[in-house]
Number of protein chains: 2
Amino acid sequence: MALTTCWVSHEGSLASLRVTVPESSGPPAPRTNKTAHPPLGRIQREEYPSSWDMAGKKVLIVYAHQEPRSLNGSLKDVAVAELSQQGCTVTVSDLYAMNFEPRATGKDITGTLSNPGFFNYGVETHKAYEKRSLSSDIIEEQKKLQEADLVIFQFPLYWFSVPAVLKGWMDRVLCQGFAFDFPGSYDDGFLKGKLAILSLTTGGTASMFSKTGVNGDFRYFLWPLQHGTLHFCGFKVLAPQISFGPEMASEEERKRMVASWAQRLKTIWEEEPIPCSPPWYFGQ
Amino acid sequence: MALTTCWVSHEGSLASLRVTVPESSGPPAPRTNKTAHPPLGRIQREEYPSSWDMAGKKVLIVYAHQEPRSLNGSLKDVAVAELSQQGCTVTVSDLYAMNFEPRATGKDITGTLSNPGFFNYGVETHKAYEKRSLSSDIIEEQKKLQEADLVIFQFPLYWFSVPAVLKGWMDRVLCQGFAFDFPGSYDDGFLKGKLAILSLTTGGTASMFSKTGVNGDFRYFLWPLQHGTLHFCGFKVLAPQISFGPEMASEEERKRMVASWAQRLKTIWEEEPIPCSPPWYFGQ
């Protein structure tokens, strides 16, 4: 068993936030400084500047699960409870309950298209953003996002990524002009100053998502989401909260996963973001 | 300029299939055998067994673009033309035209749920697959997929991944029992014996998607799709066809991208799949 500072919850984990992650059952990989991952970057702030006070902070939870009583539902509920208790204003976008539209189509632009004869989604939504003629559901989400200091994405991992309903939220809400431009991406992305965190559940165990496991290191699948999407838009990304294999866990273990998340949220505003660049994901 | 065997089309590329990829304009990364990527695995078969004859082969193109006259539309059209000309049977799932449903919900199961009081999408669709009570749109796509020898996914890269409408196709069509089971994943996935290829367009240039470019190596974002999805279901994955930055390219360059794809398809049945494991994506 190896000790790590990654924020994971899984079968057999300690209630403590500094959890033990089982090594893969496969053959041990050669370990050198070159291939080792750097620390995950979750250094606790030594000072606590007033700008990080939690009271008055706004949090948006973008939530994608069909069943309110699922582990994802519980993780969302406990986040609402804990953050509200801190004095934060918490907004939830419950995508399935909203029947949120995932498809990127011409319906996202109200009024006339810039070029009706040749539909280019990126160009049309960029112009519609500037003319304030995006569809109302997109505008509504952009308002919530604009106000948020922290955005939590709560979802079950589908095919090493977000469920399509959440992918559609990203495709449609994070449009050019609003979330980024050229120039205006990565550290200059328009959502800079905001924090984002992925809180997800997996089907596989932690050892399956290790460097020598069948699914590869969990950091590999985080790249398109954390770097290609969130960092691209300027977010500072906090270390992910991964609840591994809840369907294979006992009820008590699932309760510990929820408690672990609630506990972490108590000091979430003190956390430093990860260094969101290739070495964090793939080693040196 | 570095010579590579990756199948890319981009601004300034040669018409030849062995194209030159510009090095990143950023500082050169230290190159060692440890960090170098292995060859992409596109070794031409020396022999040509009769089972690889193209006549009679079935191809499914899963296509996700809103505009028929887009580069994606042209790439799809030329694939239909070339493969049909070879004697293949080609089927196209035009997801936007079909208004394909991306959301994974209880509507995907006809009749009564196994556990109506606690909805678990994975469990319910697994059981519905076995009881033949999945919704008709899913069954229809599964039939197409079951018959296909080769599946081509044609799409523009949205946030380092597929557009939500195509993610929804993966989430809903590739259900447990049909595409995989436990055991029955990766090399034992139920779609083994089939070939898959991602043909995609990007907003960024090839140099932006290089190891030292702002977006990182293009192989990084392919991991969840090629390994976590296609390989997981048993597909053998052919090297991706990436048309880099068509919106920044001239009309002539875009024509070369289409011609390059058509040319590749002439010998697609002779190609060896990539070694779909971490070293292909992240180096050693």
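Scroll up a little and you will see the structure.
How each quantity is defined
- Residues numbered from 1 in each chain as written.
- Chains lettered and ligands numbered in written order.
- Predicted model: local features only at pLDDT ≥ 70, side-chain atom pairs only at ≥ 80, totals over all residues.
- Heavy atoms only, no water.
- Helix = DSSP H or I, 4+ residues; strand = E, 2+ residues; numbered from the N terminus.
- Expected span 1.5 Å × (residues − 1).
- Buried < 20%, exposed > 50% of the residue type's maximum accessible area, 1.4 Å probe, protein only.
- Arc of directions from axis to C-beta.
- Contact = heavy atoms within 4.5 Å.
- Axes fitted to C-alpha atoms, helices over the stretch in contact; angles between N-to-C directions.
- Parallel < 35°, antiparallel > 145°, perpendicular 65-115°, else oblique.
- Nonpolar A, V, L, I, M, F, W, Y, C, P; charged D, E, K, R; others polar.
- Least-squares fit on C-alpha atoms with pLDDT ≥ 70 in both.
- Salt bridge = Lys/Arg side-chain N within 4 Å of Asp/Glu carboxyl O.

Draft legend 1. How the structure looks around helix α3 (residues 136-147) of chain A. Residue and element names in this part refer to chain A. Over its 12 residues, α3 extends 17 Å from the first C-alpha to the last, a length consistent with the 16 Å expected when each residue adds 1.5 Å. Those residues of α3 lying buried are I138, E141, Q142, K144 and L145. Axial view of α3: buried residues confined to an arc of 160°, hence all on one face. Exposed residues on α3 whose side chains face more than 90 degrees from its buried face are S136, K143 and E147. Each element contacted by the buried residues of α3 is listed here: β4 (58-63), β5 (89-94), α2 (121-130), β6 (150-156) and α4 (164-173).

Draft legend 2. Molecular detail of the packing of α3(A) against α4(A). Residue and element names in this part refer to chain A. α4 packs onto α3 with a crossing angle of 90° between their chain directions and a minimal axis gap of 10 Å. The orientation of α3 with respect to α4, classified from their angle, is roughly perpendicular. Contacts from D137, I138, E141, Q142 and L145 of α3 reach α4 at W169, R172 and V173. In terms of residue class, the contact of α3 with α4 is built from 4 nonpolar, 1 polar and 3 charged.

Draft legend 3. Spotlight on helix α4 (residues 164-173) of chain B. The buried fraction of α4(B) amounts to 10 of the 10 residues, a majority that puts the element mostly inside the structure. When we look at burial in α4(B), the residues that qualify are A164(B), V165(B), L166(B), K167(B), G168(B), W169(B), M170(B), D171(B), R172(B) and V173(B). Where α4(B) is buried, its residues touch α4 of chain A together with β4 (58-63), α2 (121-130), α3 (136-147), β6 (150-156) and α5 (218-231) of chain B.

Draft legend 4. Structural detail: the relation of the copies chain A and chain B. When chain A is fitted to chain B, the best match, at an RMSD of 0.0 Å, comes from turning it 180° and sliding it 0.0 Å along the axis. In the structure described here, the two chain copies are related by an operation that fits a two-fold rotation axis. Closest approach to the rotation axis among the C-alpha atoms of chain A is made by A164(A), whose C-alpha sits 2.5 Å away.

Draft legend 5. Up close: the environment of K107(B). As for its placement among the helices and strands, K107(B) is situated in the loop between β5 (89-94) and α2. Spatially, the C-alpha atoms of K107(B) and L191(B) are 25 Å apart, while their sequence positions differ by 84 residues.

Draft legend 6. Molecular detail of the pattern of salt bridges. Taken as a whole and assessed by the stated rule, the structure comprises 26 salt bridges over all chains. E82(A) is the salt-bridge partner of K266(A), the closest N and O atoms lying 3.1 Å from each other. Of this pair, K266(A) sits in helix α6 (residues 251-266) while E82(A) is found in helix α1 (residues 71-85), placing the two residues 184 residues apart along the sequence. Judged by its relative accessible area of 38%, K266(A) falls in the partly exposed class. Owing to a relative accessible area of 10%, E82(A) belongs among the buried residues under this scheme. Notably, a salt bridge pairs D188(B) with K192(B), separated by 3.8 Å at the nearest N-O pair. Residue class for D188(B) comes out partly exposed when judged on its relative accessible area of 47%. Taken together, the shared-partner salt bridges in this structure form one network comprising D108(A), D137(A) and R172(A).

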